[in-house]
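Listed below, chain by chain, are the residues.
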Amino acid sequence: MASTDVYGDLVHSVGGDRVSVTSFISNPSQDPHSYVANARDQLAIRTARLVVENGGGYDDFMDTMLKAAPGDREVLNVVALSGHHPTDGGELNEHVWYDFTTVETFVARLAGALAVLDPVDANTFRANAAVLRAAVAALEARVQTLREKVAGQAVAITEPVPLYLLNACGLVNATPSDFSEAIEDGTDVPVTVLHQTLNMFRDHKVRALVYNAQTSGPQTEQVRNAALDNNIPVVPVTESLPSGLSYVAWMSRNLNALEQALS
């Protein structure tokens, strides 16, 4: 069982036909922060031999279910594997699947966990994991190439979803923290902060807006429109897998869009 289809895809890539994977969150309209598990979900957790959760407060419904159904199962918490911690005076950015180093670490740990559960197919799991890690390493190489071209450039965001990827590219997040924090928390942005954010586009202080396309509201739409009105590229990103794409293909598309916007 995986909390989201991002991890469900990675598990399936490593486990192949030796695993049966179910992801609780597979619809872009579902919010992991407010997801309420039902009886069927609870039964699935109870019978699962391996559970993958993001952690870091992103999918707390998983911890609630695990506590309600204690048992002999392997639980992988990706934030715990990542080594990421809250910034000084700030909060943890829990969107660790945008950090390719973390994904590589998770894939290696996943292959080991599956090998313990199914020793007969251990070599298959490790071989599949090696292929997947090589694909993620290729994404990292693309990031380094892009970094050489765009490091130091300022960009704006609506939420911290893509920040690990943007930081790896050497890009500078110029968005007022009070703006992105309010959007992520679902609260109104103070008027002065909203004006400060909009002025970044009017004054052309940023090269692109990286926009969470899955969550929108009047204030994020104002920001998006300000970017478009001032001919500043908008790069949409999402928290869950777009339909028909694997994790690697999805992240490759994100990099393509980012590179095109900054070229």
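Residues numbered from 1 in each chain as written. Predicted model: local features only at pLDDT ≥ 70, side-chain atom pairs only at ≥ 80, totals over all residues. Heavy atoms only, no water.

Caption draft 1: Spatial organisation of the sheet that holds strand S6 (residues 172-173). Across the sheet, four strands lie side by side as S6-S5-S7-S8; this open sheet has parallel pairing. Each having just a single partner strand, S6 and strand S8 (234-237) make up the two edges of the open sheet. Here strand S7 (residues 209-212) runs beside S8; their pairing, made up of four bridges, is parallel. In the strand pairing of S8, Asn-212 is matched with Val-237. (Pairing = 2+ DSSP bridges. Helix = DSSP H or I, 4+ residues; strand = E, 2+ residues; numbered from the N terminus.)

Caption draft 2: How the structure looks around the side chain of Asn-212. Looking at where Asn-212 falls in the secondary structure, it is placed in strand S7. For Asn-212, the side chain forms a polar contact with the main-chain nitrogen of Gln-214, separated by 3.1 Å. Apart from residues no more than four positions distant in its own chain, Asn-212 is found in contact with Thr-158, Glu-159, Val-161, Val-237, Thr-238 and Glu-239. (Polar contact = N/O pair within 3.5 Å; in protein donor to acceptor, adjacent residues only side chain to side chain. Contact = heavy atoms within 4.5 Å.)

Caption draft 3: Summary view of the packing of aromatic side chains. Tallying each qualifying case throughout the model produces seven aromatic pairs. For the ring pair Tyr-98 and Trp-250, a centre distance of 5.7 Å and an interplane angle of 70 degrees mean the geometry is edge-to-face. Residue Tyr-98 is located in the loop between helix H4 (78-82) and helix H5 (100-117), and its partner Trp-250 is located in helix H11 (residues 247-262); the two are separated by 152 residues in the primary sequence. Of the two residues, Tyr-98 and Trp-250, neither departs from the other in class, the shared state being buried. Here the aromatic cluster, defined as three or more aromatic residues joined through ring pairs, consists of Tyr-7, Tyr-58, Trp-97, Tyr-98, Phe-106, Tyr-247 and Trp-250. The positively charged end of Arg-224 is found above the aromatic ring belonging to Tyr-211, 5.8 Å away from the centroid. (Phe/Tyr/Trp six-rings, centres within 6.5 Å; stacked < 30°, edge-to-face > 60°. Buried < 20%, exposed > 50% of the residue type's maximum accessible area, 1.4 Å probe, protein only. Lys NZ or Arg CZ within 6 Å of the ring centre and 35° of its normal.)

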